[in-house]
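Understanding the architecture of this molecule
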Amino acid sequence: MELIEKYFPNLTEDQKSKFSKLQELYHDWNLKINVVSRKDIDELYLRHVLHSLGIAKVQRFLPDASILDVGTGGGFPGIPLAILHPETNFHLVDSIGKKIKVVNEVTEGLGLKNVHTTNARVEEIPGHYDFIVSRAVAAMPTFVHWTKGKIAKESRHELKNGILYLKGGDLSEELAEYRNAVIYDLPNFFEEEFFETKKVVYLPVKFRK
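This write-up is about the structure you can find in this document. (Residues numbered from 1 in each chain as written. Predicted model: local features only at pLDDT ≥ 70, side-chain atom pairs only at ≥ 80, totals over all residues. Heavy atoms only, no water.)

By the definition in use, this model includes 11 salt bridges. Close ionic contact of R47 with E43 constitutes a salt bridge, the shortest N to O distance being 3.2 Å. Of the charged contacts in the structure, one is a salt bridge between E105 and K101, with a shortest N-O distance of 3.8 Å. One end of the pair is E105 and the other is K101, both in helix α6 (residues 97-110) and four residues apart, which spans about a single turn. Among the residues examined, E105 registers a relative accessible area of 26% and is labelled partly exposed. With relative accessibility at 40%, the residue K101 sits in the partly exposed group. One network of salt bridges, with partners in common, ties together E5, E13 and K16. (Salt bridge = Lys/Arg side-chain N within 4 Å of Asp/Glu carboxyl O. Helix = DSSP H or I, 4+ residues; strand = E, 2+ residues; numbered from the N terminus. Buried < 20%, exposed > 50% of the residue type's maximum accessible area, 1.4 Å probe, protein only.)

In structure tokens, the structure reads:
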């Protein structure tokens, strides 16, 4: 929890309370339904919570904005971002039912009112969103294909609407066809060694007139 406050010092007491509950909630549910590796559970705040919040270092979300988390797994990056942005609407989607069950239980345990979940493939999800977030569920061309047509045209944030994607390693080949992609290196925001090769890839979506 100290790690989160180190980089986000202006949290409300309610946000601090919710972040502090994550360890116990995930530990308990992970014993029943394994969604996080045992090693990662021991370093939950570094490897999952703070990593998820790397997106917020690139773009903070406005109240009433709509964010789609694709392939959320155990709720990352969606749940930490939802705690940080209590007035923003988050839709967490995963095709694996047991993972969404854990997300639902954690969301309920935290009392989060701004999180909606769906057990489905993203291609089946209707609607449009300001941003689509995710954590390395597929190569970028595949991810772009999955989420095509789901980003709202009207932008209200500092960044134009698009994809904010947590990735690692050498992305030159994967992003070769996306000349407008912007890479934000997480070591620019976080000093821990874990983030040495971690990045947020921002891909604004262009619309044809």
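Here helix α2 (residues 13-32) is 20 residues long and its end C-alpha atoms lie 30 Å apart, about the 28 Å a rise of 1.5 Å per residue gives. Q15, K18, F19, L22, L25, Y26, W29 and N30 are the residues of α2 that are buried. Of the surrounding secondary structure, the elements contacted by the buried residues of α2 are α1 (2-7), α3 (38-42), α4 (44-58), α5 (78-84) and α6. (Expected span 1.5 Å × (residues − 1). Contact = heavy atoms within 4.5 Å.)

Tallying each qualifying case throughout the model produces seven aromatic pairs. With 4.8 Å between their ring centres and 70° between their planes, Y7 and F190 make a pair best called edge-to-face. Of the two residues, Y7 is situated in helix α1 and F190 in the loop between β6 (182-185) and β7 (198-204); the sequence distance between them amounts to 183 residues. Between the aromatic rings of F61 and F90, the centroid separation amounts to 6.2 Å while the plane-to-plane angle is 70°, which identifies the pairing as edge-to-face. With F61 in the loop between α4 and β1 (66-70) and F90 in strand β2 (residues 89-94), the pair connects residues that are 29 residues apart, well separated along the chain. By the burial criterion, F61 is buried, and F90 matches it. Here the aromatic cluster, defined as three or more aromatic residues joined through ring pairs, consists of Y7, F190, F194 and F195. (Phe/Tyr/Trp six-rings, centres within 6.5 Å; stacked < 30°, edge-to-face > 60°.)

On to the nonpolar core. Membership of the largest hydrophobic core comes to 51 residues, with the highest contact counts inside it found for L22, I79 and L164. Top element by residues in this core is α4. It accounts for nine residues. Apart from the residues within four sequence positions on either side, L22 is in contact with L44, Y45, V49, I79, I83, V106 and L110. In terms of nonpolar packing, the next biggest core, distinct from the first, is built from 19 residues, L68, I125, A138 and I163 among them. (Core = buried A, V, L, I, M, F, W, Y, C linked by side-chain atoms within 4.5 Å.)

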